[in-house]
Amino acid sequence: MSAKVVVVGSLNMDLVARAQRLPRAGETLPGDSFFTVPGGKGANQAVAVARLGGSVAMIGNVGDDAYGQQLRQALHVEGVDCGAIETCPGVSSGVALITVDASSQNCIVIIAGGNGLLTPQSVQRFDALLQAAEIIICQLEVPAETVAWTLARGHELGKQVILNPAPATGPLPADWFAHIDYLTPNESEAEALSGVAVTDQDSARRAGERLLQLGAGKVIITLGAQGALLVTAQGHRHFPAPVVQPLDTTAAGDTFIGGFAAGLVRGLEEGEAIAFGQRAAALSVTRAGAQPSIPYLAELAP
Ligand code: RIB
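Parameters at a glance
- Residues numbered from 1 in each chain as written.
- Predicted model: local features only at pLDDT ≥ 70, side-chain atom pairs only at ≥ 80, totals over all residues.
- Heavy atoms only, no water.
- Phe/Tyr/Trp six-rings, centres within 6.5 Å; stacked < 30°, edge-to-face > 60°.
- Helix = DSSP H or I, 4+ residues; strand = E, 2+ residues; numbered from the N terminus.
- Buried < 20%, exposed > 50% of the residue type's maximum accessible area, 1.4 Å probe, protein only.
- Pairing = 2+ DSSP bridges.
- Near = heavy atom within 4 Å.
- Polar contact = N/O pair within 3.5 Å; in protein donor to acceptor, adjacent residues only side chain to side chain.
- Areas by Shrake-Rupley, 256 points an atom, 1.4 Å probe, with all protein chains shown as cover.
- Nonpolar A, V, L, I, M, F, W, Y, C, P; charged D, E, K, R; others polar.

Caption draft 1: Molecular detail of the packing of aromatic side chains. Within the structure shown, the criterion is met by 2 aromatic pairs. With 5.0 Å between their ring centres and 85° between their planes, Y182 and F260 make a pair best called edge-to-face. On the criterion of sequence distance, the pair formed by Y182 in strand β10 (residues 182-183) and F260 in helix α8 (residues 252-265) is long-range, its members being 78 residues apart. The class for Y182 is buried, based on a relative accessible area of 6%.

Caption draft 2: Representation of the pairing of strand β12 (residues 228-232). The buried count for β12 comes to 5 of 5 residues, which makes it a mostly enclosed element. The sheet contact formed by strand β11 (residues 218-222) and β12 spans 4 bridges and is antiparallel. Bridge pairing links I221 to L229 in β12. The antiparallel pairing of β11 with β12 creates a hairpin that spans 5 residues between the two strands, and G224 there sits at a positive phi of about 60°. As judged from the 5 bridges shared by β12 and strand β13 (residues 235-239), these two strands associate in the antiparallel manner.

Caption draft 3: Inspection of the sheet that holds β12 at higher detail. Spatially, β5-β4-β1-β8-β9-β10-β11-β12-β13 is the arrangement adopted by the 9 strands of the open sheet, whose pairing is mixed. Looking at which strands have only one partner, the edges of the open sheet turn out to be β5 (81-88) and β13. Of the pairings in the sheet, the one linking strand β9 (residues 160-163) to β10 comprises 2 bridges and is parallel in character. Among the inter-strand pairings, L163 is bridged to a residue of β10, identified as L183.

Caption draft 4: The arrangement of the site of the ligand in detail. The environment of the ligand is made up of 13 residues, and the closest members are D14, G40, K41, E141 and D254. In the model, an oxygen atom of the ligand is placed 2.9 Å from a nitrogen or oxygen of the G40 main chain. In this structure, E141 approaches the ligand through a side-chain N or O atom, which is 2.6 Å from an oxygen atom. When the ligand sits alone it has 280 Å² of accessible area, and the protein chains cover 96% of it. Mapped onto the shell around the ligand, the elements with two or more residues apiece are β2 (12-18), α1 (41-51) and β7 (106-111). A breakdown of the residues in the shell around the ligand according to their chemical character gives 5 nonpolar, 4 polar and 4 charged.

Next up, the structure:
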């Protein structure tokens, strides 16, 4: 059966240290615990789609190391179609060095490894997957030209194209916007993309309206505990976040996006799919790690 969702993006092994607080520059800090778990924004989103009821294929790269085998296996056991995950000889897999503090905030350093070698040609080899999909999801942990090509191809094929602009350090190329149906930044990404400082619903609305002016189809800005804001040409709608006690916010955004996409392909209307993604993300922040924190459909109340 062809996958209804295709994720084009990164796979990382996450090396996670927990400490009471994040270290300052030049500081050595004793931590509380360490663990290694599969992550990467692309892979997390693919796992979220699979666990939350959608069929999904992933296009991406791993290195020819033990992490690469583990990353591929982690997706395979969840039912993600891994036939388009290629192994790059002589290159390490992507790695993320993550520190999580006692208040559940994190900081992340990423080494791209094989993710950095995902070219437009690599994606083009799996064009049949794109053709068969309903939704194509990209993030920004693979080369920009590959994201650009995939967005354009998805749009040309008439698919629903979602760009999670993470991590974002500045504005997106102007010619990307017309190819994006849903742009899904968090607060800091919305600010980097729009130039509007996002602190609350009102500033998020202004940032979203700016991103619509630039050409995005619709914008969903995730605001953590403040919920999410959908901004469209017709207006805006706020979705409050379920109240939870957060332990680790790593992959919360990925879980939201995977849940949103899984909801859409399962036939939920847009607002229902956003609320579904939020419920999944809320559960994920009560658990540690990236992929281990992503819930299964059966865990979510109807
Ligand atoms: O979004 C969370 C992810 O960001 C982590 O799993 C890490 O790999 C980084 O890519």
